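Reading the structure
As a plain string of letters, each chain reads:
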Amino acid sequence: MSEQEPLGIAEEFARYRRTVLAEVEAPGPAAVRRAARQRGRRRLAATTTAALALLSGSAIGYAATNGPDPQPGPVEPTPSVSASPTPSDIPSPSVTSASPTSTVPDGRISRAKLLETPVTLPAWRAGPGCPTSQIRLTADAREGTNWLMVLDHGDVDGDGAVETVALVQCVLGTGGPTQVVAFDRNEDNEVITLGRVVASTRDKPQWLFALDVVDGGTVRVQVGDLAPGGGWDARWSQRQWRSYRWTGDAFAQTSGPTTFGPNPHLVNLSVTAADFSWGPKEPDGTRTGTMEVVVRNVGTTPAALVELNLGLQPGAVAEGGGWSVCAGGPPSKSPLTCRIGPLAPGATRTLQLGLRDKSTMSGSGIARVRPIGAADNPLFESAQEDNEDRYRYR
């Protein structure tokens, strides 16, 4: 290699240092400080983003299982790779205090507290009833009072706090109407009436047996077709569970039956007895006659056995083959009774019953019918106004 070649190369390197490297800024102290600040900002942004992701992830997970589906929020723009953040783009970390939220009053009221607090009840049905305005419930069934029978608790209005639901009876004699009422507290911690869930009626349901507040604020009430009392045992009532929910201003039924079928312990019988005349006197001084009696089952429940009772003057006896329809044969003594059956719904039995009597007097009597049930299946009359009929004889 000649000496001119190394010289040429040396001159080219010298020219490169004078022209190109002069444009390159050496990494002095200022450049180092800028690079350090940028790396610090990047680490702060990454840490803040990770923390927010963890917090928002927990909140979204809770909302997904306990609340409505979240609405989609605005889409954040994708950060530019080439753009570097400046101090004005990065907010300084600061501590903020959450604004206080209003506290929902706790409506959980104990039995003792509810008994000692004056409350207002929804009005009882028309007719004789109990007072309802600013009264105190009672712990026992005293005449003319509002008896607190059962209570339960749950969030029935969906406000996040618990309310109190009570079954109350207006005690009148051996019965009286019943209703289920929801109570709450207001912001002044006063007991208030939220509303009536359901009430008994003169038709059906005539009685409310129990209540149960379940998840979701649903109030379940066990209703009965017939009220106990007057010889009717509560065990013979048909029972149903019906569910009710708060609509914002009242309770409405949301599930369960709305009607009752025929009660298997209730029979509706009727009887008609025709007037009759005695025949002429016989040598022994007695007279005979025949009375027609019609027994009907006008209800929807079959009657296994029906008892017919004829109210005649003393001395009248059964005579003739018409009494053979009676279980056990003709009656041997007064009062004259005959048990027939079974009698299906809608069925009719017409009886021709012969009688003999020594009296020559005219008069009247009453024919009566009643259902006879078994020990394990008692039967009762549902409408007694047609269970008897008056007849005359002469």
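Attention here is on the structure that accompanies the text. All values derive from a computational prediction rather than experimental measurement. (Residues numbered from 1 in each chain as written. Predicted model: local features only at pLDDT ≥ 70, side-chain atom pairs only at ≥ 80, totals over all residues. Heavy atoms only, no water.)

Okay, the nonpolar core next. Ranked by internal contacts, the top residues of the largest apolar core, which has 29 residues, are V293, L308, L310 and Y391. Elements that contribute at least two residues to this core include exactly β10 (269-273), β11 (287-297), β12 (305-310), β14 (336-340), β15 (348-357), β16 (363-372) and β18 (388-393). If we ignore the near neighbours within four places in the chain, the residues touching V293 are V271, T272, A273, L308, L310, R349, T350, L351 and L353. Ranked by size, the runner-up nonpolar core spans 17 residues in total, among them V156, A182, L208 and L211. (Core = buried A, V, L, I, M, F, W, Y, C linked by side-chain atoms within 4.5 Å. Buried < 20%, exposed > 50% of the residue type's maximum accessible area, 1.4 Å probe, protein only. Helix = DSSP H or I, 4+ residues; strand = E, 2+ residues; numbered from the N terminus. Contact = heavy atoms within 4.5 Å.)

Time to look at the sheet that holds strand β6 (residues 219-224). Taken together, four strands build an open sheet; the order of strands is β5-β6-β7-β8 and the sheet is antiparallel. Edge positions in the open sheet fall to β5 (207-213) and β8 (251-255), since each of these has one partner strand only. Between one strand axis and the next, the sheet turns by 35° as a mean value, whatever way the strands run. Two strands pair when backbone bridges link them, and β5 and β6 are joined in this way by six bridges, in the antiparallel orientation. The partner of W207 across the bridge, within β6, is G224. (Pairing = 2+ DSSP bridges. Axes fitted to C-alpha atoms, helices over the stretch in contact; angles between N-to-C directions.)

The next subject is the pattern of salt bridges. Counted by the stated rule, this structure contains nine salt bridges. Where D140 meets R142, a salt bridge forms, and the shortest distance between an N and an O atom there is 2.9 Å. Residue classification places D140 among the partly exposed residues on the basis of a relative accessible area of 38%. Owing to a relative accessible area of 46%, R142 belongs among the partly exposed residues under this scheme. Taking the shortest distance from any N to any O, the salt bridge between D233 and R235 comes out at 3.2 Å. Owing to a relative accessible area of 27%, D233 belongs among the partly exposed residues under this scheme. Taken together, the shared-partner salt bridges in this structure form one network comprising E282, E319 and R356. (Salt bridge = Lys/Arg side-chain N within 4 Å of Asp/Glu carboxyl O.)

Here the structure, examined in full by the defined rule, presents two disulfides. Covalent S-S linkage joins C130 and C170, the inter-sulfur distance amounting to 2.1 Å. Negative torsions about the S-S bond denote left-handed disulfides, and the value of about 85° found for C130 with C170 makes this one right-handed. Taken together, the positions of C130 in the loop between α3 (111-116) and β1 (146-154) and C170 in strand β2 (residues 163-170) put the pair 40 residues apart, joining distant regions of the chain. (Disulfide = S-S within 2.5 Å.)

Right, let's talk about the packing of aromatic side chains for a bit. For the structure shown, the criterion picks out nine aromatic pairs. Centroid distance W232 to F380: 5.2 Å. Interplanar angle 65°. Geometry classified as edge-to-face. Here the residue W232 occupies a position in the loop between β6 and β7 (239-246), and F380 occupies one in strand β17 (residues 380-381), the gap between them amounting to 148 residues. Taking the relative accessible area as the measure of exposure, W232 reaches 11% and is therefore buried. What makes F380 partly exposed here is its relative accessible area of 24%. Relative to Y393, the ring of W278 has its centre 6.2 Å away and its plane inclined at 75°; by these criteria the two rings are edge-to-face. On the criterion of sequence distance, the pair formed by W278 in the loop between β10 and β11 and Y393 in strand β18 is long-range, its members being 115 residues apart. A residue is classified by how much of its surface remains accessible, and W278, at 9% relative accessible area, is buried. Linked through ring pairs, F276, W278, Y391 and Y393 together constitute an aromatic cluster. Cation over ring: R220 sits above W241, and NZ or CZ is 4.3 Å from the ring centre. The ring of F209 carries R239 above its face, with NZ or CZ at 3.7 Å from the centroid. (Phe/Tyr/Trp six-rings, centres within 6.5 Å; stacked < 30°, edge-to-face > 60°. Lys NZ or Arg CZ within 6 Å of the ring centre and 35° of its normal.)

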